[in-house]
Amino acid sequence: MPHPHASTSGSPRRPSARLRRLAAAVAATGGLLAAGPLAGTASAVPATGDAKQVSSFTLAVLPDTQFYSRYAAPGEGNQFAKFGTNPFESQTSWLTKNAKELDIPFVAHLGDVVDRVNKPEEWTVADNAMKTLESAGLPYSVLAGNHDVRNTSLNDDQYDLPNEPYRKTFTEVRAKTNATFGGMDPTGFNTWHKFTAEGRQFLVLALSWKASDATLAWANKVIADNPTMPVILTTHQLIDIQSDGETAKETDYGLRLWDKLIKKNDQIFLTFNGHYHGASRLTKKNDFGHDVHEVVIDYQMAYQGGNGYLGLYEFDFTNKRINAEGLSPWVRTKPTELLTSFDQAVLKGKHQQYDIPFDFDERFKGFNADFSKAAPQPNGTSRTERAKQIVLEGYQEPEAGTKTPPQTPEDYPKVDGTRVHWRVGAPRDGTVVAPGEGIRDISGRGNDLTRAALNVDGVQGAAAGDVALTTDHAPQSADQGAICFKNADRRTNRMSYLQTAKEAPLNDETFSNGYTIETFMKVSADYTNEKNQWMGALIRGGQRADVPGVPTNAGVEMEAGPFVMAFSNLRELQWSVLGSTRGAGDTTNWSGELMPDKWMHIAAVNDPKTKTTTLYVDGAPVLRNAINALGIAAIEDLPWIMGAASWEGKPADGFNGCLGETRMVDRPLPSSEWLTARVLPVPTPGDGDETPGTPDPIGLPGPIDTPGPIAAPSTPPTPAPAPAPTKLVSIDGSGPRVRGTARAGRTLRAENGSWSVSFGVAFQYQWLRDGQAIAGANAATYRVRAADAGRRISVRVIAAAGGQTASAEAGAGERVARQRPTVTVKARVAGRGRLALTFRVKAAGISRPDGRLAVTVDGRTVRRALPVKDGVARLTVSGVRAGKHRVAVRFAGTDAIAARSGSVTLRVR
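Residues numbered from 1 in each chain as written. Predicted model: local features only at pLDDT ≥ 70, side-chain atom pairs only at ≥ 80, totals over all residues. Heavy atoms only, no water.

A. Seen up close, the overall build of the protein chain. Tallying secondary structure elements over the protein chain gives 12 helices and 48 strands in all. Expressed as a percentage of the 909 residues in the protein chain, the buried residues total 56%. Of the roughly 36700 Å² of accessible surface on the protein chain, 48% is carried by carbon and sulfur atoms. (Helix = DSSP H or I, 4+ residues; strand = E, 2+ residues; numbered from the N terminus. Buried < 20%, exposed > 50% of the residue type's maximum accessible area, 1.4 Å probe, protein only. Areas by Shrake-Rupley, 256 points an atom, 1.4 Å probe, with all protein chains shown as cover.)

B. Examining the sheet that holds strand S13 (residues 310-316) more closely. Pairing in this open sheet of six strands is mixed, and the strands run S3-S2-S1-S13-S14-S15 from one edge to the other. Looking at the sheet topology across the chains shown, the edges are occupied by strand S3 (140-141) and strand S15 (354-357). By the bridge criterion, two bridges tie strand S2 (residues 106-109) to S3 in an arrangement that is parallel. Counterpart to Ala 108 in the pairing with S3 is Ser 141. (Pairing = 2+ DSSP bridges.)

C. Layout of the side chain of Arg 769. Among the structural elements, Arg 769 can be located in strand S37 (residues 762-769). In terms of polar contacts, Arg 769 uses its side chain to reach the side chain of Glu 503, at 2.8 Å. With near-sequence residues (within four places) excluded, Arg 769 lies in contact with Glu 503, Ile 774, Tyr 782, Ala 787, Asp 788, Arg 791, Arg 792 and Ile 793. (Polar contact = N/O pair within 3.5 Å; in protein donor to acceptor, adjacent residues only side chain to side chain. Contact = heavy atoms within 4.5 Å.)

D. View of the state of the cysteines. For the coordinates displayed, the defined rule picks out one disulfide. The disulfide partner of Cys 484 is Cys 658, and the gap between their sulfur atoms is 2.0 Å. Because the torsion about its S-S bond is 100°, the bridge between Cys 484 and Cys 658 counts as right-handed. Of this pair, Cys 484 sits in strand S20 (residues 482-485) while Cys 658 sits in strand S34 (residues 657-665), and the two are 174 residues apart along the sequence. (Disulfide = S-S within 2.5 Å.)

E. Examining the pairing of strand S23 (residues 536-540) more closely. Most of S23 is tucked away: five of the five residues are buried. Pairing between S23 and strand S24 (residues 563-567): four bridges, direction antiparallel. Each residue of the ladder has a partner; that of Arg 540, found in S24, is Phe 563. The pairing of S23 with strand S31 (residues 640-642) spans three bridges and is classified as antiparallel. Paired with Leu 538 across the two strands is Met 642, which belongs to S31.

F. Representation of the environment of Arg 150 in the model. You can see Arg 150 is positioned in the loop between S3 and helix H6 (165-169). On a C-alpha basis, the gap between Arg 150 and Tyr 166 in space is 9.3 Å, while along the polypeptide they are 16 residues apart. Not counting chain neighbours up to four residues away, the residues in contact with Arg 150 comprise Val 117, Asn 118, Asp 160, Asn 163, Glu 164 and Pro 165.

G. Region of interest: a positive patch on the surface. Taken together, Lys 826, Arg 840, Lys 842 and Arg 874 make up a surface patch of like positive charges. Structurally, the position occupied by Arg 840 is in strand S43 (residues 834-842). Residue class for Arg 840 comes out partly exposed when judged on its relative accessible area of 34%. (Patch = residues over 30% accessible without salt bridge, like charges linked within 9 Å, V, L, I, M, F, W, Y side chains within 5 Å. Salt bridge = Lys/Arg side-chain N within 4 Å of Asp/Glu carboxyl O. Lys, Arg positive; Asp, Glu negative; His and termini not counted. Charge placed at Lys NZ, Arg CZ, Asp CG, Glu CD.)

H. Focus on the environment of Asp 266. Assignment of secondary structure puts Asp 266 in the loop between helix H9 (252-262) and strand S10 (268-273). For the pair Asp 266 and Val 231, spaced 35 residues apart in sequence, the C-alpha to C-alpha distance is 8.7 Å. Setting aside residues no more than four positions away along its own chain, Asp 266 makes contact with Asn 286, Phe 288, His 290, Arg 363 and Phe 367. A polar contact is formed between the side chain of Asp 266 and the side chain of His 290, at a distance of 3.0 Å.

I. Region of interest: the pattern of salt bridges. This structure, assessed with the given rule, holds 52 salt bridges. We note a salt bridge from Asp 291 to Lys 285, for which the minimum N-O separation is 2.9 Å. Given a relative accessible area of 54%, Lys 285 falls into the exposed group. Its salt-bridge partner being Asp 370, residue Lys 373 comes within 2.9 Å of it at the nearest N-O pair. Each of Arg 70, Glu 76, Asp 115, Arg 116 and Glu 122 takes part in a single network of salt bridges with overlapping partners.

J. Structural detail: the sheet that holds strand S48 (residues 900-908). The strand order across the open sheet built from four strands is S45-S44-S47-S48, with neighbouring strands paired in antiparallel fashion. This sheet does not close on itself; its edge strands, each paired only once, are strand S45 (860-868) and S48. The sheet shows a mean angle of 20° between the axes of neighbouring strands, direction not considered. As defined by bridge partners, strand S44 (residues 851-857) adjoins strand S47 (residues 883-891) across five bridges and the pair is classed as antiparallel. By the bridge assignment, Val 855 is partnered in S47 with Val 889. (Axes fitted to C-alpha atoms, helices over the stretch in contact; angles between N-to-C directions.)

K. How the structure looks around the nonpolar core. Counting residues in each nonpolar core, the largest one holds 49 residues, and the members touching the most others are Trp 94, Leu 95 and Val 107. The set of elements that each furnish at least two residues to this core consists of strand S1 (56-62), helix H3 (66-71), helix H4 (87-98), helix H5 (120-136), S13 and helix H11 (383-392). When residues in this core are grouped by element, the largest group, six residues, is from H5. Among residues more than four places away in sequence, those in contact with Val 107 are Ala 60, Leu 62, Leu 95, Leu 133, Leu 138, Pro 139, Tyr 140 and Ser 141. (Core = buried A, V, L, I, M, F, W, Y, C linked by side-chain atoms within 4.5 Å.)

L. Summary view of unusual backbone geometry. A positive phi angle, near 55°, is found at Lys 320, a position not held by glycine. Among the secondary structure elements, Lys 320 is positioned in the loop between S13 and strand S14 (321-327). For Lys 320, a relative accessible area of 45% corresponds to the partly exposed category. The residue Asp 597 is not glycine, and still its phi comes out positive at about 55°. Relative to the helices and strands, Asp 597 resides in the loop between strand S26 (586-593) and strand S27 (600-607).

M. Spotlight on the layout of surface pockets. Within this model, the second largest pocket holds a volume of roughly 910 Å³. Forming the walls of the second largest pocket are 31 residues, and the residues nearest its centre are Gly 542, Glu 636, Asp 637, Leu 638 and Pro 639. Among the secondary structure elements, those contributing two or more residues to the lining of the second largest pocket are strand S21 (498-500), strand S32 (645-647) and strand S33 (650-652). Its residues assigned to classes, the lining of the second largest pocket comprises 14 nonpolar, nine polar and eight charged. (1 Å grid on protein atoms, 1.4 Å probe; cavity = no way out; pocket = protein on both sides within 12 Å on 5 of 7 lines; lining within 4 Å. Points joined across faces, edges and corners; volume = space filled by probe spheres on them. Nonpolar A, V, L, I, M, F, W, Y, C, P; charged D, E, K, R; others polar.)

N. Structural view of H11. Inspection of H11 places Arg 383, Thr 384, Ala 387, Lys 388, Ile 390 and Val 391 among the buried residues, and these make up the whole buried set. Within H11, the buried residues cover an arc of 160° as seen down the axis, which keeps them to one side. Packing partners of the buried residues in H11 comprise S1, H4, S13 and S14. One or two positions beyond H11, positive phi appears at Gly 394, with a value near 75°. (Arc of directions from axis to C-beta.)

O. Representation of empty space enclosed by the protein in the model. As enumerated under the stated definition, the model contains nine cavities of 30 Å³ or more in all. Taken as a whole, the largest cavity spans an internal volume of roughly 110 Å³. Every element with two or more residues in the lining of the largest cavity is listed here: S3, helix H7 (172-175) and strand S5 (191-197). When its residues are assigned to classes, the lining of the largest cavity shows seven nonpolar, seven polar and one charged.

P. View of the side chain of Asn 606. Following the sequence through the fold, Asn 606 ends up in strand S27. Judged by relative accessible area, Asn 606 falls into the buried class, the value being 0%. A distance of 3.0 Å separates a polar atom in the side chain of Asn 606 from the backbone nitrogen of Gly 631. Not counting chain neighbours up to four residues away, the residues in contact with Asn 606 comprise Phe 511, Gly 514, Tyr 515, Thr 612, Thr 613, Ala 629, Leu 630, Gly 631 and Pro 668.

Q. Region of interest: the packing of aromatic side chains. With the rule as written, the count across this model stands at 39 aromatic pairs. Their ring planes at 55° and their centres at 6.3 Å tell us that Phe 317 and Phe 371 sit as a pair that is tilted. Within this pair, whereas Phe 317 is found in the loop between S13 and S14, its partner Phe 371 is found in the loop between helix H10 (360-364) and H11, the two being separated by 54 residues in sequence. Since its relative accessible area comes to 10%, Phe 317 is described here as buried. Among the aromatic side chains, those forming a connected cluster through ring pairs are Phe 57, Phe 106, Phe 195, Phe 202, Phe 269, Phe 315, Phe 317, Phe 358, Phe 360, Phe 364, Phe 367 and Phe 371. (Phe/Tyr/Trp six-rings, centres within 6.5 Å; stacked < 30°, edge-to-face > 60°.)

Keep in mind these values describe shape, not function.
Set out below in structure tokens:
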């Protein structure tokens, strides 16, 4: 499959001209990783009434092996090493060991042998795997997919043939070591083979990526020169799969092959291709009125890059059928402790396990009336049934995906180091989240999310109803709702998103000790590539170019945010991070292709000891994980954003779907502490009716700047009336206090003080700037920002107990000291007697300050109050004589920035 990111470091991608020039991706999928082990009707082999003893053989098919070659290579950390074997070698080894018992005369590889054509180590992995077949004398064909050629836009007769790695690995000399080899075309990319099984001869035609007209003429001649042989066509691209993951879809290139090769050659009765993710099939009538069966099979987007799945096709002459089975010889070799519910040895989907009724003699009599004359008598049981027995022998398939649901909204592990925990609570279904409203951070650290204003920063067409709360939520989430984003369209730049406040502590968190970030998400059922590819779910604002020390090479996308959780044009989850270590590049994790309209739990664990990031989808680790990764870079005062991506510092590519509770912890967590883990005992049947947990009140829409009353904790009923409660008030002289120095970069801490009620008091906080609430500042601590300079910072402590609420305020003392700026002057001679002056004012943490400048030349005032706009002022001075001159400037200062002077000396000729 063409991956726009495949030849890079895995940085996030935007729909740039460069990206659009790359091969277009498709939306079809088999979705193994997202959907779990495939379920469906399975055909019993042999079926009732079928002959038990059969005359048959098995054709083995190897779909795209690209991720096996890539991630078994040392440069990618050999991510299969923990399993003891890599899937590619496991496949070829198993086929050679069982070729005799399963009567396998031939193996067909469908292309994309490697993932990155210019990486020699990937070719080495593939070379070693295929040598296993050669050493055992098991014939095979191989062909080049789009990942195996250097320029995917060219036809095969346009390649720079001497420099193609595929031709250097799979040479004509090597092809001739196969006893079945019939010939090779002039490009060296296309071959044909003939094999004999059960007394019958078959021809396999293997066509590589983008066969030219000359190659198709060669292929037609090969068939014409072998007029009595049934032909199996193998190629990389032919039929596609619809977005439902099941229905076949024709392609322009496939129709070209149909028109120029397949339909006019009655000998072609069966085709195989990879390239498109999943499995499907299509039956068409050729020019002779006969069926041609077209099969697509490609599991690269499944768990572990395909999990070692291959196709076996039994040609059963006795029962007149072709029986198909999808299975993995690799999963049974994995250590037991590494098995997951995705490690099903035998696939059971309707396009993985099926029968094609096929009367071979009748189908082939038009070109070979003697096809069955040399056929032996039935001599064994079903080959594919035996294959399933072999892979399941001694192997206990893990249970598929049964997890304990939460008992109450509090049935999840609360963990130290939680930096933010966004929860929706128990919303009214369909409640619109208006601009300025949002969802709260229940960690108490003040990292609430609020919806941004509509249609700013280039966004167009967004409406208030594009963001709403829903009671639909992930079954494994203890939260009772989710937030949904709709109507996003990248073509018109329509989107809506939420963001943290400028002062939110999360904005500066770099997670230098690692992290665990979790969320629940569901991609909308109406997702389309045209509207939604590269959509962002959660990002950190800004662009990588603004992070000091970022290397400009190694494929780093400088325009993307420091952290990106988005969806590729292949509907893969992309987890791309610029690390917190200065000078480090970015790293990316990629999931398999994810299914729409299905709740998923996403977790990423960054381990500082190993400097690795592992991405999990529904508890299963993905294959393409990141190495040499630590933390997340931050850009001061820039927010975290939910519901959109960003490019060049502006929002882009809005999310289309729903997001549930989301939590970030400043250390790696085991799965036993994830949001999917349970802390309450599972009720035992018969213990009586269970009372559902009380709805979580946190997160209903409302202006976050002004906290409402805190819900009183529920208490069990008592037999006697409770005594009248003491009035809840702050005790004079011992009330709340603020500890710390009111200086930019310092942290202030609220102390609750003493209250008239001693026990069962819950506290909330609201920090104030000159008496006005600071959005998102609701934690017990507050980090003073440069924007606070010249202002008074105070805190309102809100107490709740026994159904009562009360509040008291405390101040931080003096006003926050103003920031000290830098003032620079640049001067140039703009003509006879004229000077062009440029002044720049900068202050840490204050973006593009405004103000006034006083300007003098040689002590003479030329402007008393020159306006500074966005940190810059310009002035042209005339009547300056030749000689040496001193230009001096004084910035008058503002409430946040102190006064400062600067000067420059220059000579005018």
